[in-house]
Amino acid sequence: MRPVPVRDGLDRGRTTISDTVVRKIAARAATEVEQATGSTRRWFGIPVGRVPEASPARVDVEVDGDVATIHVAMSVQWPAPVRDVSRRVRSHVAEQVSRQTGMTVAEVDIDVTALVAATGETGPRVV
């Protein structure tokens, strides 16, 4: 945990926002974007199982004072344009973390770990 100074003209104390809180805000924000979903679990770098329907994205954060650096691992629903979804996730995560914590977001790195079928697509697979 790192203290985040709050300047309101009165010196009443310090507000501390833990890395865990920033990570949860970022994970929630990432999956609020349409066509972005969580990421599969991995075992020794190998994807295991399927992406649960409402799973959050995997997020790591580094907080240094009032500056956050965020890394998001997520899946994108197929056939959505990966770059467009990633751009929207990056923007939304930075905006939400900044709005909810008052921190400056230095960067949001995104790894798209899988493409997943949109929910409700149960037709036969055509190759």
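Residues numbered from 1 in each chain as written. Predicted model: local features only at pLDDT ≥ 70, side-chain atom pairs only at ≥ 80, totals over all residues. Heavy atoms only, no water.

Asker: Any chance you could explain the packing of helix H1 (residues 19-32) against helix H2 (residues 82-101) here in plain terms?
Answerer: Working note: a packed helix pair is described by the angle between its axes plus the distance between those axes. Between H1 and H2, the least distance of the axes is 8 Å, while the angle of their chain directions is 140 degrees. Viewed along their axes, H1 and H2 adopt a mutual orientation that is oblique. Here H1 and H2 pass one another in a crossing that is right-handed. Contacts from Val22, Ile25, Ala26, Ala29, Ala30 and Glu32 of H1 reach H2 at Val89, His92, Val93, Gln96, Val97, Gln100 and Thr101. (Axes fitted to C-alpha atoms, helices over the stretch in contact; angles between N-to-C directions. Helix = DSSP H or I, 4+ residues; strand = E, 2+ residues; numbered from the N terminus. Parallel < 35°, antiparallel > 145°, perpendicular 65-115°, else oblique. Left-handed = near helix turned anticlockwise from the far one by under 90°. Contact = heavy atoms within 4.5 Å.)

Asker: How should the nonpolar core be read in this particular structure?
Answerer: One recurring pattern in soluble globular proteins: nonpolar side chains tend to sit buried together. Among the nonpolar cores identified, the biggest contains 27 residues, and Ile70, Val72, Met74, Val89 and Val93 are the most heavily contacted of them. Contributing elements (two or more residues each) for this core: H1, strand S6 (58-64), strand S7 (67-78), H2 and strand S8 (104-117). Residues contacting Val93, with those up to four places away along its chain left out, are Ala26, Ala29, Ala30, Ile70 and Val108. (Core = buried A, V, L, I, M, F, W, Y, C linked by side-chain atoms within 4.5 Å. Buried < 20%, exposed > 50% of the residue type's maximum accessible area, 1.4 Å probe, protein only.)

Asker: Before we go on, may I ask you to explain the environment of Glu95 in this structure?
Answerer: Turning to its location among the elements, Glu95 is positioned in helix H2. Looking at Glu95, the relative accessible area reads 46%, which means it is partly exposed. Spatially, the C-alpha atom of Glu95 lies 8.3 Å from that of Val105, the residues being 10 residues apart in sequence.

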